[in-house]
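Report on the structure
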Amino acid sequence: MNWEEFIKNKSGKLLNYISKFVRIREDAEDIMQFSFIELLRNAHKLDELYLEQWLYRVAHNKAVNLIKKNNIHKKYAPIVEYESELNQNQELRADDSKKDKIRQCFQTLKPNEAFAIELQYYQKKTYKEIAETMGLSVSAVESILVRAKKQIKKRLQEIESQIVIGNERS
């Protein structure tokens, strides 16, 4: 196993994932570093096929523990990704608007729901892989994803209705 290459390949996605839970970049970076250190310490006990899943599970648990420890869910609300510069292009601004709506929806999810959505849509994991990563059964993952999708749909409808009402007042 080439650890340097593994870490280089996984660190960007892992940091982005952790950032969905932990808004402060330094905290997200600390969790990422801790997760890689734990992986290296325990690699001799793990099947090489499951290293990435194990890594995400450690990062997820560490992020959730930080949120619980500090009881600061609002401060550490899930975010989709760190924003770079605002783009002046009209088409990209529409994409930014969609990202903002998705970000608002993510903030309403429970950590395990956000984790499952992240793994399915952003990491492209199968239900079985999600179940193994989260330490749950496939049916439990299905249930979590159904709840999360309903919550997102409900929140998107609320956001859209607020936009319509806001435009009517203008």
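Residues numbered from 1 in each chain as written. Predicted model: local features only at pLDDT ≥ 70, side-chain atom pairs only at ≥ 80, totals over all residues. Heavy atoms only, no water.

**Some words on the pattern of salt bridges**
Counted according to the given criterion, the structure contains six salt bridges. Between arginine 147 and glutamate 113 there is a salt bridge; the shortest N-O distance is 3.6 Å. One end of the pair, arginine 147, is in helix H7 (residues 138–169); the other, glutamate 113, is in helix H5 (residues 111–122), and 34 residues separate them in sequence. Taking relative accessible area as the criterion, arginine 147 reaches 40% and is therefore assigned partly exposed. By sharing partners, the salt bridges in this structure join Lys10, Glu52 and Lys125 into a single network. (Salt bridge = Lys/Arg side-chain N within 4 Å of Asp/Glu carboxyl O. Helix = DSSP H or I, 4+ residues; strand = E, 2+ residues; numbered from the N terminus. Buried < 20%, exposed > 50% of the residue type's maximum accessible area, 1.4 Å probe, protein only.)

**Looking at the packing of aromatic side chains**
The final tally for this structure, using the stated rule, is three aromatic pairs. Consider the rings of tyrosine 17 and phenylalanine 115, whose centres lie 5.1 Å apart with planes at 50°: the pair is tilted. Of this pair, tyrosine 17 sits in helix H1 (residues 3–19) while phenylalanine 115 is found in helix H5, placing the two residues 98 residues apart along the sequence. Phenylalanine 115 carries the same exposure label as tyrosine 17, and that label is buried. An aromatic cluster of at least three residues, connected via ring pairs, comprises Tyr17, Tyr56 and Phe115. Lysine 62 extends its terminal NZ or CZ atom over the ring of phenylalanine 34, reaching a point 4.5 Å from the ring centre. (Phe/Tyr/Trp six-rings, centres within 6.5 Å; stacked < 30°, edge-to-face > 60°. Lys NZ or Arg CZ within 6 Å of the ring centre and 35° of its normal.)

By themselves, these are just geometric observations and shouldn't be taken as functional.
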